[in-house]
Amino acid sequence: MKTATPLTGALLYLNGVTVSFEGFKALNDLSLVVEEGELRTIIGPNGAGKTTMMDVVTGKTRPDSGEVFFRGTADLSRLDEAEIANLGIGRKFQRPTVFENLTVFENLELALADSRGTWRTLLAHSTSDRRDRIAAALARIGLSEQTGQPAGALSHGQKQWLEIGMLLIHDRTLLLLDEPVAGMTDRETEETAELILDLAKDRTIVVVEHDMAFVRSLGARVTVLHEGAVLAEGSIDHVQNHQRVIEVYLGR
Amino acid sequence: MPALPGGQQKGAWSPRFWASFLACGVALAVAVPAFNHWVPPDSPAALPDYLVPLLGKYLCYALLALSLDLIWGYAGILSLGHGAFFALGGYCMGMYLMRQVGTRGVYGNPLLPDFMVFLNWKELPWFWWGFDHFAYAATMVVLVPGLLALVFGWLAFRSRVTGVYLSIITQAMTYALMLAFFRNDMGFGGNNGMTDYKDILGWDVHQSSTRLGLYIASVLALGLGYLCCRFITASKLGRVLLALRDAESRVRFLGYSVTDAKLFVFTVSAVLAGIAGALYVPQVGIINPSEFSPGNSIEIAIWVSVGGRGTLVGAIVGAVIVNSAKTWLTGAAPETWLFVLGTLFILTTLVFPRGVVGLLRRPSRIRTRAAARVPAGERA
């Protein structure tokens, strides 16, 4: 057994996390460290545990064993989704999930870093400072013209950006992006890579992705997951030349 | 009026809204009493006395429907047990009215209501204490449904019971209450419930002036209830509710407590339903356990969907239309009523899902799932 002492300095530290679904081990004693300010990509074949890992970090799934530390102290495996979100962890889902019946503006308004209490929300004010922050986010994700449109009327790529914009305006320390370019055109993928690199300047980002060209364009440290554990870690070139990775991806 | 928080939706409190709101309020609160009271009874324009409590009853149903629309239309909580909160509010009022009977009951017992004398009870049960006083009874009208909703909602929402499962347990809740209130031992009059009221706040409930007063109180309650619901739905919390109706887990990942938000509107809604029940009882003159029957609660959902879910006004319109039709049809052709009700429900579900109000309004003003469909061409 590994020690339960959290590593200092690491923003996110998963220590021996195991999650099983009816005997199938989605995560098998997974340990992973993400440093503050890092941009990290996570790849792996289907069923490698990428999404489950995000579920554990964001409180959607509780691990059977192991701990998840944020900033070295908070054990995320004991908190619920809202509490974890309020610690500063934001998540973008695989399928874009914006609030389709709300306008683009209102989607961002709900994501805005602000009091989340029910009573405060009921009596919330829309100040010019808040409107300016929303306008700035709209400009950054290129949706200024769509501000009054229902989010459901946006194109697939625009929804992905809106969702990234919601993470942006939420002012999170750590962003988890689950396949941010799934279903995007080449051009949208390029623009998304630029957007992510831009966002990575002032926060920590973990990207789960299948698209190797996209992973390469991010130029970040890569972690390869396989059968719920880390198979290899390093630069994209290191990983792509790794014997076991080639076997897992191409062999069998 | 005091300044509203700036988070309120644009146009929600425009002069145009206030003008139509006040026009409807005045039409209901002034015109009905005027045609009943000041127009000579033999004139064709006169509103007969029997219609006043009937209209009052419709307004109570409208408030009840409004309370359901707040949680169903906006937060996606389909309570099929809302009749329980209505009935509990009604029972609190019924208990007050029973205490006002005093020695005028059949048995003339100064201490006990008739049904307790009949059951050979010697003293008033503890939970009847205080119901001699209107203020206490009025407090209970709010507290009893509110607390039940708070406890029930906390258990259900904390465990993330949603959708059809929530609807089923709310049905179970109202059914369980019905069985409990049927028992004579409960001390609420059992099967017969409570009736034969004499006065309310010193006025004879059978007097037409008292009935007009109750009617006007119902108009006021409906108006205030509507403003309260509009305030909630136009606020940022209203947007959170719409968001959680469509993508609950996403709202959690944004850091909002879905449990708290749902609990808040569920409790507000139950209190409104309780107030509706309290105003209903003196106007119809009886409260009994059949008000808890699961079928009653399902009917409320039909009123809301006929009128137009998620519009607030639709709930009011639906309750009045369906109940007027019920009054007329159960007189004219009683055996057809259930078929008509069923047909109405099927029609609103299949043919006009936005209800009567949705048919009248410009489509762009209503937020529905249909508006969210993505044009397929946009993807490439």
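J.: Is there a simple way to explain the confidence of the model for chain B in this structure?
T.: Should pLDDT be low for a region, the predicted coordinates there are not to be read in detail. Averaged over every residue, the pLDDT of chain B is 91; the share at 70 or more is 94%. Of the regions scoring below 50 in pLDDT, residues 368–380 of chain B engages in 19 contacts with residues more than four places distant in sequence or in other chains.

J.: What is the right way to look at unusual backbone geometry in this model?
T.: It is generally the case that most residues other than glycine have a negative phi and that most peptide bonds are trans. With a phi angle near 55°, R71(A) is a residue other than glycine that sits in the positive phi range. Here R71(A) lies in the loop between strand 4 (65–70) and strand 5 (74–75). Residue class for R71(A) comes out partly exposed when judged on its relative accessible area of 43%. With a phi close to 55°, L201(B) is a non-glycine residue in the positive phi region. Looking at the secondary structure, you find L201(B) in the loop between strand 2 (199–200) and strand 3 (203–204).

J.: Sorry if this is basic, but what is going on with the sheet that holds strand 4 of chain A here?
T.: Either a parallel or an antiparallel arrangement is found when strands of a sheet pair, and the pairing is made through backbone hydrogen bonds. Pairing within the open sheet is antiparallel, and its four strands lie in the order 2-1-4-5 (chain A). Of all the strands in the sheet, just strand 2 (24–35) and strand 5 of chain A have a single pairing partner and so form its edges.

J.: How should I be thinking about the domain arrangement of chain A in this particular structure?
T.: Often, the extent of an interface is quoted as the loss of accessible area upon association of its parts. Residues and elements named next belong to chain A. Taken as a whole, chain A is organised into domain 1 (1–87 + 220–252) and domain 2 (96–174 + 189–203). Placing a centre on the C-alpha atoms of domain 1 and another on those of domain 2 gives a separation of 27 Å. On the domain 2 side, the residues contacting the 11 residues of domain 1 number eight residues. The junction of domain 1 with domain 2 conceals about 690 Å² of combined surface from both sides, 64% of it contributed by carbon and sulfur atoms. One can count zero salt bridges joining domain 1 with domain 2. One can count two residue pairs in polar contact (both at pLDDT 80 or more) joining domain 1 with domain 2. For the side of domain 1 that touches domain 2, the secondary-structure elements that each account for two or more residues are strand 1 (10–21) and helix 2 (81–87).

J.: Would you take a moment to explain the layout of surface pockets for this structure?
T.: To find the voids left in a structure, one rolls a probe of water-molecule size over its atoms. Residue and element names in this part refer to chain B. The space that makes up the second largest pocket amounts to roughly 460 Å³. Residue lining of the second largest pocket: 25 residues in total, with M98, P113, D114, F115 and T195 positioned closest to the centre. Among the elements of the structure, helix 3 (82–101), helix 4 (114–118) and strand 1 (194–195) are those that each provide at least two residues to the lining of the second largest pocket. Grouping the constituent residues of the lining of the second largest pocket by class yields 12 nonpolar, eight polar and five charged.

J.: Would you explain the side chain of T192(A) in this entry?
T.: Secondary-structure assignment places T192(A) in helix 7 (residues 186–199). Those residues in contact with T192(A) that sit more than four places away from it in its chain are W161(A), I164(A), P180(A), V181(A) and M184(A).

J.: What's the story with the interface of chain A and chain B in this structure? I'm lost.
T.: In this complex, chain A contributes 38 residues to the contact, which on the side of chain B involves 39 residues. Here chain A and chain B share an interface that buries about 3,400 Å² over both sides, 60% of which is from carbon and sulfur atoms. Among the residues chain A hides against chain B, the three largest losses belong to F99(A), N101(A) and L122(A). Together they make up 20% of the total. The salt bridge involving E81(A) is made with R160(B); its shortest N-O contact spans 2.7 Å. Taken together, the connections running from chain A to chain B amount to 13 residue pairs in polar contact (both at pLDDT 80 or more). Contributions of two or more residues to the side of chain A that touches chain B are made by helix 2, helix 3 (104–111), helix 4 (118–122) and helix 6 (156–169) of chain A.

Reading the values: the criteria
Residues numbered from 1 in each chain as written. Chains lettered and ligands numbered in written order. Predicted model: local features only at pLDDT ≥ 70, side-chain atom pairs only at ≥ 80, totals over all residues. Heavy atoms only, no water. pLDDT = per-residue confidence, 0-100. Contact = heavy atoms within 4.5 Å. Helix = DSSP H or I, 4+ residues; strand = E, 2+ residues; numbered from the N terminus. Buried < 20%, exposed > 50% of the residue type's maximum accessible area, 1.4 Å probe, protein only. Pairing = 2+ DSSP bridges. Domains from an automatic or database assignment. Buried area = accessible area lost by both parts, 1.4 Å probe. Salt bridge = Lys/Arg side-chain N within 4 Å of Asp/Glu carboxyl O. Polar contact = N/O pair within 3.5 Å; in protein donor to acceptor, adjacent residues only side chain to side chain. 1 Å grid on protein atoms, 1.4 Å probe; cavity = no way out; pocket = protein on both sides within 12 Å on 5 of 7 lines; lining within 4 Å. Points joined across faces, edges and corners; volume = space filled by probe spheres on them. Nonpolar A, V, L, I, M, F, W, Y, C, P; charged D, E, K, R; others polar.

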